[in-house]
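# Observations on the model geometry
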Amino acid sequence: MKETSATYRVMIVDDEAILRTGMLHLCNWSEYGIEIVAQVSNGQEALQYIETVHPHVVITDIVMPIMDGVELTKIIRMQYPEIKVVVLSSYSEFNYVREVFKYGVTDYLLKPKVSSSELISLIQSLCSDLDLVSLGSHSIKSDPSLLLAQWLTNDSTQAEETLQEITQHFTSRYFRIAKASTNLILSRTNWTHSQMEQILIELATEHLAGLAYTCVFLNNEFLLLINYELEQTEAISSALQRFTDHARESLVYISFVLSNAFETFNLIKKEHERLTPYLGKLLYFPEHTLVNEDIILVQSDKIFFDQTHFTTALRIFAFDEASAELKAFFSTINSNQSYDEYSLKRFCQNLIYTAINMLEQLKQPISELNSSKLKLFKMIDQAFDIHELENILLAFLDNLKGIVRHSDQQQSMIIQQVYDYVNENYANDISLTEMSHKLHLNYSYLSSYFKQRTHENLTSYINRVRTDKAKELLLDYKLSISEISRLTGFSEHNYFSKVFKKMTGMTPVEYRNQISQ
């Protein structure tokens, strides 16, 4: 057990997790002889910890759920008169603060203006008359969740000391970590940080009673560490499932990844970091509240989506075909978990951006849809699972279908024939005259009709298709630039490079070097 007789022990009581975390990392407290021994979200929790951590100073907010700072101060004054109480509040609560001074508050700090130097000076001043040798005779057992948070976030100079203390709290052989992101809870619900923390802590108390565990809140992530013996394995599994099921019922937008068992406490930090990429694959398991790491494919091959074909379908207003392509794509990636959450959401946003820009070029009446583009992007960012993402895109295409003029859909057959011809023959020497004969159209009419409908010259479109195909082939490093030039219908290597740079802003070599980085 770690003796802390050489330091001033401080407890932070505030229902705002951001503020508590901010104060915890305000400075390197140990350099000033100060230790943050506990951080809790209300007065009731503070009273539960006082007998365990024996703080010299309690820094408390006034307005908190369950038990506020006024009631906490009254109880501390009666039961622990030696503890100094500092109120941390805002200007708007000053009348409330004046009441609490009646119960022996030592000092008052303003939330917006708290600085590390001010806080350090105040704590040292308040504790200057304490007999630390006498007070230090208590056996101080710090809050394991706070110790674990410090160990996971502190630099190496502090890690060894914290590690020695925290290992005393975990004596069983096996460990498992259940980890979740809390981002969507805070962005899609009305829960505050402190309310969310309170819910998770209460659910853990209810469903994990009798088990060795600790809850840690880190940077929009929640980490639940379980310590157990082999004979408790089945009980652990059942308790975790109950806990995660009820967490989903209460908070809605939360899923957990569960690590495999490990036996070395020192591996906790490594396991915590290793599990982070797994969170990005939880969107493939919307029906599960707890997903074992073994069924998550962190490393998987990317599935190619033919964006050129998709854009072509939109260009000719074949929205049903575009929707079918999307459905097939989502079905495939749902099976092999090809994209992590971040990459898939960026992919969806890029599809919408490309579609809107392309239809704008075709002079389609989509100004209203364009103005709501940012709203669509936000919907994608806040999507909880892959089905929600797919439905957002399909609804977007449905909206496009309703907006685009019916006459445009009826007149798209000629354009479709041109697209089909170019996609089938891009590797050959395409003659515009020969193409017009194949399509049974006058050359001049075909050329002007295509330009009028697509706002692009036929030659430019052919070069764009060839450039898009060349981009795909440049991913294959076995193919030389000359071979790719030939395979995409360019008779001369220099002309290929010139066209490619005009279309992309880079030469083929520069493009290949960029994608290899």
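Before reading further, recall that the structure is shown in the block above.
Figured I'd write up the structure that's included with this text.

Here we take up the nonpolar core. Membership of the largest hydrophobic core comes to 62 residues, with the highest contact counts inside it found for Leu 148, Ile 268, Leu 326, Phe 330 and Leu 344. By residue number, the principal contributor to this core is helix α15 (residues 341-361), which donates nine residues. When residues no more than four places from it in sequence are discounted, the contact partners of Leu 326 are Phe 305, Phe 310, Leu 351, Leu 393, Leu 394 and Leu 397.

A few words on the packing of aromatic side chains. One pass over the full model with this rule turns up 24 aromatic pairs. Consider the rings of Phe 222 and Phe 256, whose centres lie 6.1 Å apart with planes at 80 degrees: the pair is edge-to-face. Here Phe 222, found in strand β8 (residues 221-228), pairs with Phe 256, found in strand β9 (residues 256-258); they are 34 residues apart in sequence, far enough to count as distant. Of the residues examined, Phe 222 reaches a relative accessible area of 0% and is grouped as buried. Put simply, the rings of Phe 305, Phe 310, Phe 329, Phe 330, Tyr 339 and Phe 347 pair up and form one aromatic cluster. In this structure, Arg 346 packs its charged tip against the face of Tyr 342, placed 4.7 Å from the ring centre. Geometry around Phe 490 places Arg 466 over its ring, the cationic atom sitting 5.6 Å from the centre.

With that settled, the discussion passes to the environment of Ser 482. Of note, Ser 482 is situated in helix α24 (residues 481-487). Its relative accessible area of 45% is what places Ser 482 among the partly exposed residues. On a C-alpha basis, the gap between Ser 482 and Phe 496 in space is 8.9 Å, while along the polypeptide they are 14 residues apart.

This paragraph deals with the sheet that holds strand β10 (residues 290-292). Spatial ordering of the open sheet is given by β7-β8-β6-β9-β10, a layout of five strands whose pairing is mixed. Looking at the sheet topology across the chains shown, the edges are occupied by β7 (212-218) and β10. In this sheet, neighbouring strand axes are inclined to one another by 20 degrees on average, regardless of whether the strands run parallel or antiparallel. Here β9 pairs with β10 via three bridges, running parallel.

What follows is about the pairing of strand β3 (residues 57-60). Here β3 shows two buried faces, one formed by Val 57 and Ile 59 and the other by Val 58 and Thr 60. Pairing of strand β1 (residues 8-13) with β3, which is carried by four bridges, proceeds in the parallel orientation. Looking across to β3, one finds that Val 13 is bridged to Thr 60. Sheet topology note: the β3/strand β4 (residues 84-89) ladder contains four bridges and is parallel. Paired with Ile 59 across the bridge in β4 is Val 86. Between the parallel pair β3 and β4, the chain is carried across by helix α3 (residues 69-79), and the sense of this crossover is right-handed.

The next thing to look at is the pairing of β8. Burial runs high along β8: eight of the eight residues are buried. Covered by surrounding structure in β8 are Glu 221, Leu 223, Leu 225 and Asn 227 together with Phe 222, Leu 224, Ile 226 and Tyr 228, the residues of both alternating faces. Bridge count between strand β6 (residues 174-181) and β8: eight bridges; the pairing is antiparallel. Looking at the pairing, Phe 175 lines up with Asn 227 of β8. One ladder, built from seven bridges, connects β7 with β8; its direction is antiparallel. By the bridge assignment, Leu 218 is partnered in β8 with Glu 221. A loop of two residues connects β7 with β8, the two strands running antiparallel in sequence, and Asn 219 in this loop sits at a positive phi of about 45 degrees.

Spatial ordering of the open sheet is given by β2-β1-β3-β4-β5, a layout of five strands whose pairing is parallel. Both outer strands of the open sheet, β2 (34-40) and β5 (107-110), are each paired with one neighbouring strand and no more. Averaged over all pairs of adjacent strands, the angle between their axes in this sheet comes to 25 degrees, without regard to strand direction. Set on the sheet, helix α1 (residues 17-24) makes contact with β1, β2, β3 and β4; between it and β2 the angle comes to about 170 degrees. Set on the sheet, helix α2 (residues 43-53) makes contact with β1 and β2; between it and β1 the angle comes to about 160 degrees.

Size it by volume and the second largest pocket reaches roughly 740 Å³. Lining the second largest pocket are 28 residues, with Gln 307, Thr 308, Arg 464, Asp 468 and Lys 471 positioned closest to its centre. Elements that contribute at least two residues to the lining of the second largest pocket include exactly α13 (307-315), α15, α23 (458-473), α25 (493-504) and α26 (508-515). Here the residues of the lining of the second largest pocket are counted per class, giving ten nonpolar, twelve polar and six charged.

Reading the values: rules and limits
- Residues numbered from 1 in each chain as written.
- Predicted model: local features only at pLDDT ≥ 70, side-chain atom pairs only at ≥ 80, totals over all residues.
- Heavy atoms only, no water.
- Core = buried A, V, L, I, M, F, W, Y, C linked by side-chain atoms within 4.5 Å.
- Buried < 20%, exposed > 50% of the residue type's maximum accessible area, 1.4 Å probe, protein only.
- Helix = DSSP H or I, 4+ residues; strand = E, 2+ residues; numbered from the N terminus.
- Contact = heavy atoms within 4.5 Å.
- Phe/Tyr/Trp six-rings, centres within 6.5 Å; stacked < 30°, edge-to-face > 60°.
- Lys NZ or Arg CZ within 6 Å of the ring centre and 35° of its normal.
- Pairing = 2+ DSSP bridges.
- Axes fitted to C-alpha atoms, helices over the stretch in contact; angles between N-to-C directions.
- Right-handed = clockwise from strand over helix to strand, strands pointing away.
- 1 Å grid on protein atoms, 1.4 Å probe; cavity = no way out; pocket = protein on both sides within 12 Å on 5 of 7 lines; lining within 4 Å.
- Points joined across faces, edges and corners; volume = space filled by probe spheres on them.
- Nonpolar A, V, L, I, M, F, W, Y, C, P; charged D, E, K, R; others polar.

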